[in-house]
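Examination of the molecular architecture
Listed below, chain by chain, are the residues.
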Amino acid sequence: MLDDILEPGHLWAVGMTLIAVILCILLHYEVSMRLWQLLERAHGSQRRRFLMLSFVVFVAHVVEIWIFAGATALLGQHPRTGQLVGGVDTLNFLDYVYFSAISYTTVGYGDLIPTGPLRFVAGTEALLGFMLITWSASLTFLEMQRHWSARRER
């Protein structure tokens, strides 16, 4: 078992996954903190605040999906890290973005299937996507709670 983990394809997959995870968590933290500070200072309507919150969080998730798509596409070029199979004859980068999106959101249609060490990347992305989506939902709830509290005080 340890020999499998030390195989170059597995090491590449684990290394790229760690890099993608670190980038996504740091990005999400920075976006969340700056957005929260911006929302605290915002004087616009509640609609404007929620639209800003929704669009910024959406863009953050899209960027995180693209980070994992890039990692998966790079690993797909290495002969020992596995590949995505099914659905299409020749993969292009948007196929990797699509696969990343269905992994990140835990939809998992099953039309593209990772083989070999790429399965580790996909599983980790699903867990991280779930965590970051719930983080964003918590941020949205806190903003709603602030709105409800302000309405009660009036």
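Criteria and thresholds
Residues numbered from 1 in each chain as written. Predicted model: local features only at pLDDT ≥ 70, side-chain atom pairs only at ≥ 80, totals over all residues. Heavy atoms only, no water. Helix = DSSP H or I, 4+ residues; strand = E, 2+ residues; numbered from the N terminus. Expected span 1.5 Å × (residues − 1). Buried < 20%, exposed > 50% of the residue type's maximum accessible area, 1.4 Å probe, protein only. Polar contact = N/O pair within 3.5 Å; in protein donor to acceptor, adjacent residues only side chain to side chain. UniProt positions renumbered as here; feature names shortened; annotations may be inferred. Axes fitted to C-alpha atoms, helices over the stretch in contact; angles between N-to-C directions. Parallel < 35°, antiparallel > 145°, perpendicular 65-115°, else oblique. Left-handed = near helix turned anticlockwise from the far one by under 90°. Contact = heavy atoms within 4.5 Å. Nonpolar A, V, L, I, M, F, W, Y, C, P; charged D, E, K, R; others polar. Salt bridge = Lys/Arg side-chain N within 4 Å of Asp/Glu carboxyl O.

1. Brief notes about helix α4 (residues 93–104)
Taking 1.5 Å of rise per residue, the 12 residues of α4 would be expected to cover 16 Å, and the 16 Å separating its terminal C-alpha atoms lies within 8% of that figure. All buried positions along α4 are accounted for by D95, Y96, V97, F99, S100, I102, S103 and Y104. The N-capping residue of α4, defined by a side-chain oxygen 2.9 Å from the backbone nitrogen of L94, is N92. Remark: T106 follows α4 within two positions and exhibits a positive phi of approximately 60°.

2. Let's talk about the UniProt feature "transmembrane region" (unreviewed entry) in the protein
When the UniProt feature table is mapped onto this chain, "transmembrane region" (unreviewed entry) is found at residues 12–29, 50–75 and 120–142. With 100% helix and 0% strand, the stretch residues 12–29 has end C-alpha atoms that lie 26 Å from each other.

3. Let's talk about the packing of helix α3 (residues 46–76) against α4
In contact at an axis separation of 8 Å, α3 and α4 are set at 120° when each is read in the N-to-C sense. What the angle tells us is that α3 and α4 run oblique. Handedness of the crossing formed by α3 with α4: right-handed. When α3 is examined against α4, the residues H61, E64, I65, W66, F68, A69, G70, T72, A73 and G76 are found in contact with a partner set consisting of F93, L94, Y96, V97, S100, A101 and Y104. Grouping the amino acids of the contact of α3 with α4 by side-chain chemistry returns 11 nonpolar, five polar and one charged.

4. Structural notes on the environment of G70
Among the structural elements, G70 can be located in helix α3. For G70 and A60, which are 10 residues apart along the polypeptide, the C-alpha to C-alpha distance reads 15 Å.

5. Structural notes on the pattern of salt bridges
This model, assessed by the stated rule, comprises four salt bridges. Taking the shortest distance from any N to any O, the salt bridge between E40 and R146 comes out at 4.0 Å. With a gap of 106 residues between them, E40 in helix α2 (residues 8–41) and R146 in helix α5 (residues 118–153) connect regions that are remote in the sequence. Assessed through its relative accessible area of 26%, R146 is described here as partly exposed. Across the pair E143 and R146 runs a salt bridge whose closest N-O atoms are separated by 2.7 Å. With E143 and R146 both in helix α5 and three residues apart, the pair spans about one turn of that helix. A relative accessible area of 0% means that E143 is categorised as buried.

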